[in-house]
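# Per-entry structural report
Listed here are the chains, written in short residue letters.
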Amino acid sequence: MLLLKGGHAHDPQIDLDDVIDILIVDGNIARAEKNIDEPDAQVVDCTGLEITPGLVDMHVHFRDPGLEYKEDIATGSAAAAHGGFTDVATMPNTDPVCDTGASVAYQRARGEEVGLVNIHPIGALTREEKGESLAEIGDMVLAGAAGFSDDGHGVQSASMMRTCMKYVSQFDRTVIAHCEVDDLSGKGVVNAGRASTRLGMFGWPGLAEEAEVARDIALSRSTGCPLHIAHISTKRSLELVREAKKEGLLVTCEVTPLHLFLTEDDITDTYNTNLKVNPPLRTKEDAEALLEGVLDGTIDAVVSDHAPHAAHEKDCEFELAAFGSVGLETTVPLLLSYMAKKKLLDFARFVELLAINPRAILRLRPVTLAPGSVASITVLDSQKKVTVDTEYLQSKSKNSAFLGSTLQGAAVTVIKDGVITYQS
Ligand code: DOR
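Residues numbered from 1 in each chain as written. Predicted model: local features only at pLDDT ≥ 70, side-chain atom pairs only at ≥ 80, totals over all residues. Heavy atoms only, no water.

### Observations regarding the pairing of strand β2 (residues 16-25)
Quick note on the threshold: Paired strands, in this sense, are two strands between which DSSP finds at least two bridges. By the criteria applied, helices consist of DSSP H or I runs no shorter than four residues and strands consist of E runs no shorter than two, each listed in order from the N terminus.
With eight bridges connecting them, strand β1 (residues 2-11) and β2 associate as antiparallel partners. Residue pairing for β2: Asp 11 is matched across the bridge by Leu 16. Once β1 ends, the chain turns through four residues before running back antiparallel as β2, passing Asp 15 with a positive phi of about 55 degrees. Note that β2 and strand β3 (residues 28-33) share five bridges and pair antiparallel. Each bridged residue has a counterpart across the sheet, and for Val 25 the counterpart in β3 is Asn 28. With antiparallel pairing between neighbouring strands as the criterion, β2 and β3 make up a hairpin whose turn holds two residues, including Asp 26 at a positive phi of roughly 50 degrees.

Put into structure tokens, the structure is as follows:
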């Protein structure tokens, strides 16, 4: 039995915004009210802390199987719990690609064995993510895939993507689209425009994303398949999603803190390869529009796109470095720092972005702070100072775009299915 005493609980699903106690018995919330006394319970003092339903990062790369030198399910799970998450959705660009029921089953079983975070595998849309033939979608649904994506690449053929969406629409699952027209992004490594001109490197234009966002929205309209746009990076892409939502289409989208809090101007003559991400960091105008989208509800989820890479894959020329930044352990501190500074984002919206909407998009059972719900809970300290350095990061890889930052706010206790998975 666990008793969370005196925390400020936030859960818009049940109109909760109050200081209460929460009693957890046998993995479930037994009571959630003021002044609970339970002498036999282990007490967690939550005075001055914020309590939310367990947070979900719906876009991470755990690299297991096949690329465990970057991250494995054990180290990725530890990073997730440390970052405040009870649930993650793992992208399928492992080696081999997660494109069969057996590979989905492996990730789930290994996740359960490690026991720190619920792993919800995203299955590939196409075999080996090659964009040529349909993967074993039905088999993966049966094995527990929470969605489908060829993340890391766009599906280049419109007719292949239409086949994928038609097929997925038979199941209660969402297609998560990494939108990138390869012959427009080409060899681009930074945003096309000021950054590519200033740095003398190939540019990856916003158009390469926007053209595919427009195409996939059209395919969602035509097939009826729910569509979620991954790591949206430009103002125009966001406008396309806003229009699709207005039209009533089943279209959602996510953004990373990279694209909210950094811009192409942060890439300087130090050529910090941790700022090389796909899609690339965009303009200030794009980042401001994305923040607006977070606040006005056009953006449904904030995700890390946790993309671990080994030191030798980043410690090289910018053009040769791998795309990606780790992010599981900085998303919550970055958002809490922003909330403390700007007062624009409140905890109700934070819970929508990081708990309610991701579960809905992944078709997971809702988790609330009401009696009867499974006890997956994140406790946050908005005052806690965090310095992002290699010691702070529990991920196997240290390629954070935010290395060296001092942030305010972090998870201090994480409870998954009634068990404490992280406590600082
Ligand atoms: O920067 C990225 N890294 N973007 C992606 O879409 C894939 C990811 C990776 O797998 O490293």
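Next comes the rest of the write-up.
### So, the packing of helix α1 (residues 73-83) against helix α2 (residues 101-114)
What describes two packed helices is the angle between their axes and the distance between those same axes. Going by this rule: For helices, the axis comes from a line fit to the C-alpha atoms of the stretch in contact; other axes are also lines fit to C-alpha atoms, and the angle between any two N-to-C directions lies between 0 and 180 degrees. Our angle categories are set so that under 35 degrees counts as roughly parallel, over 145 as roughly antiparallel, 65 to 115 as roughly perpendicular, and the remainder as oblique. A crossing counts as left-handed when the near helix is turned anticlockwise from the far one by less than a right angle, and as right-handed when that turn is clockwise. Between two residues, a contact is recorded if the distance between any of their heavy atoms is within 4.5 Å. Note that Gly is not counted as nonpolar here; it falls among the polar residues with everything else outside the nonpolar set of Ala, Val, Leu, Ile, Met, Phe, Trp, Tyr, Cys and Pro and the charged set of Asp, Glu, Lys and Arg.
One way to put it is that α1 packs onto α2 with a least axis distance of 10 Å and a crossing angle of 60 degrees. For the element pair α1 / α2, the angle class is oblique. Seen along the crossing, α1 lies across α2 with a hand that is right-handed. Across from Ile 73, Ala 74 and Ser 77 in α1, the residues of α2 making contact are Tyr 106, Gln 107, Arg 110, Gly 111 and Val 114. Grouping the amino acids of the contact of α1 with α2 by side-chain chemistry returns four nonpolar, three polar and one charged.

### Some words on helix α10 (residues 284-296)
This is how the line gets drawn: Helix span is expected to be 1.5 Å times the residue number reduced by one. Three labels apply to residues, based on accessible area from a 1.4 Å probe with only protein chains included: buried if under 20% of the type maximum, exposed if over 50%, partly exposed otherwise in between.
Spanning 13 residues, α10 covers 18 Å between terminal C-alpha atoms, matching the ideal 18 Å at 1.5 Å per step. Along α10, the residues classified as buried are Asp 286, Ala 287, Ala 289, Leu 290, Leu 291, Gly 293 and Val 294. Where α10 is buried, its residues meet α8 (235-246), β14 (251-255), α9 (257-261), α12 (331-342) and α13 (347-361).

### Notes on the site of the ligand
Quick note on the threshold: The cutoff for a nearby residue is simple: one of its non-hydrogen atoms must lie within 4 Å of the molecule or strand. Whenever two N or O atoms come within 3.5 Å, that pair is a polar contact, provided that in protein one can donate a hydrogen and the other can accept it, and provided that, for residues adjacent in sequence, both atoms are side-chain atoms. Computed by Shrake-Rupley with a 1.4 Å probe, the accessible areas treat only the displayed protein chains as cover when residues are assessed.
Looking at the ligand, there are 14 residues lining it, with Arg 63, Asn 93, Asn 278, His 309 and Phe 323 nearest. Within the side chain of His 61, one N or O atom sits 3.5 Å away from an oxygen atom of the ligand. Here Asn 278 contributes a backbone N or O atom positioned 2.7 Å from a nitrogen atom of the ligand. Relative to its unbound accessible area of 290 Å², the ligand is 93% covered by the protein chains. Here the shell around the ligand is built from residues that sort into three nonpolar, eight polar and three charged.

### Brief notes about the pairing of β14
Stated precisely, the cut-off is as follows: With its strands directed away from the observer, a crossover is right-handed exactly when the path from the first strand over the helix to the second travels clockwise.
Here β14 lies mainly inside the structure; five of its five residues are buried. Residues Val 251, Cys 253 and Val 255 line one face of β14 and the alternating positions Thr 252 and Glu 254 line the opposite face, and both faces are buried. Sheet topology places strand β13 (residues 227-229) next to β14; three bridges connect them, and they run parallel. Residue pairing across strands places His 228 opposite Thr 252, the latter belonging to β14. In this region the chain leaves β13, passes through α8 and returns to the parallel neighbour β14; the handedness of that crossover is right-handed. By the bridge criterion, two bridges tie β14 to strand β15 (residues 301-302) in an arrangement that is parallel. Bridge pairing links Glu 254 to Ala 301 in β15.

### A few points about the pattern of salt bridges
Our working rule: Should a side-chain nitrogen of Lys or Arg be within 4 Å of a carboxyl oxygen of Asp or Glu, the pair is scored as a salt bridge.
Counted according to the given criterion, the structure contains 21 salt bridges. Across the salt bridge formed by Asp 300 and Lys 245, the nearest N and O atoms sit 2.8 Å from each other. Highlighted residues: Asp 300 in the loop between α10 and β15 and Lys 245 in helix α8, separated in sequence by 55 residues. Residue Asp 300 is classed as buried on the basis of its relative accessible area of 10%. Exposure remark for Lys 245: the relative accessible area of 26% places this residue in the partly exposed category. Residues participating in the shared-partner salt-bridge network are Glu 212, Arg 215 and Asp 216.

### Describing α12
For α12, built from twelve residues, the straight-helix expectation of 16 Å at 1.5 Å per residue is met to within 8% by its first-to-last C-alpha distance of 16 Å. Taken across its twelve residues, α12 has nine buried, putting it largely inside the fold. Of all the positions in α12, only Thr 331, Val 332, Pro 333, Leu 334, Leu 335, Leu 336, Ser 337, Tyr 338 and Met 339 are classed as buried. Positive backbone phi, at 55 degrees, marks Lys 343, one or two positions downstream of α12.

### Some thoughts on the nonpolar core
When a protein is soluble and globular, its nonpolar side chains tend to lie buried together. Going by this rule: We call a set of buried residues a nonpolar core when its members are Ala, Val, Leu, Ile, Met, Phe, Trp, Tyr or Cys and they connect through side-chain atoms within 4.5 Å of each other.
Among the nonpolar cores identified, the biggest contains 70 residues, and Met 161, Ile 232 and Phe 350 are the most heavily contacted of them. The greatest single-element share of this core, amounting to seven residues, is contributed by α13. In this structure Phe 350 touches Thr 52, Leu 55, Val 332, Leu 335, Leu 336, Met 339 and Leu 380, once residues within four positions along its chain are discounted. Judged by nonpolar contacts, the second largest core, of 22 residues, contains Ala 195, Leu 199, Val 326 and Val 388.

### Overview of the state of the cysteines
Worth spelling out the cut-off: Counting rule for disulfides: a pair of cysteine sulfur atoms within 2.5 Å.
Counted according to the given criterion, the structure contains zero disulfides. The closest cysteine sulfur to the non-disulfide-bonded Cys 225 is located on Cys 164, 9.2 Å from its own sulfur.

### Quick notes on the environment of Ile 232
Relative to the assigned elements, Ile 232 resides in the loop between β13 and α8. What makes Ile 232 buried here is its relative accessible area of 0%. It is 22 Å that separates the C-alpha atoms of Ile 232 and Leu 364, two residues lying 132 residues apart in sequence. When neighbours within four sequence positions are excluded, Ile 232 is seen to be in contact with Glu 209, Ser 237, Leu 238, Val 241, Cys 253, Glu 254, Val 255, His 259, Leu 290 and Ile 299.

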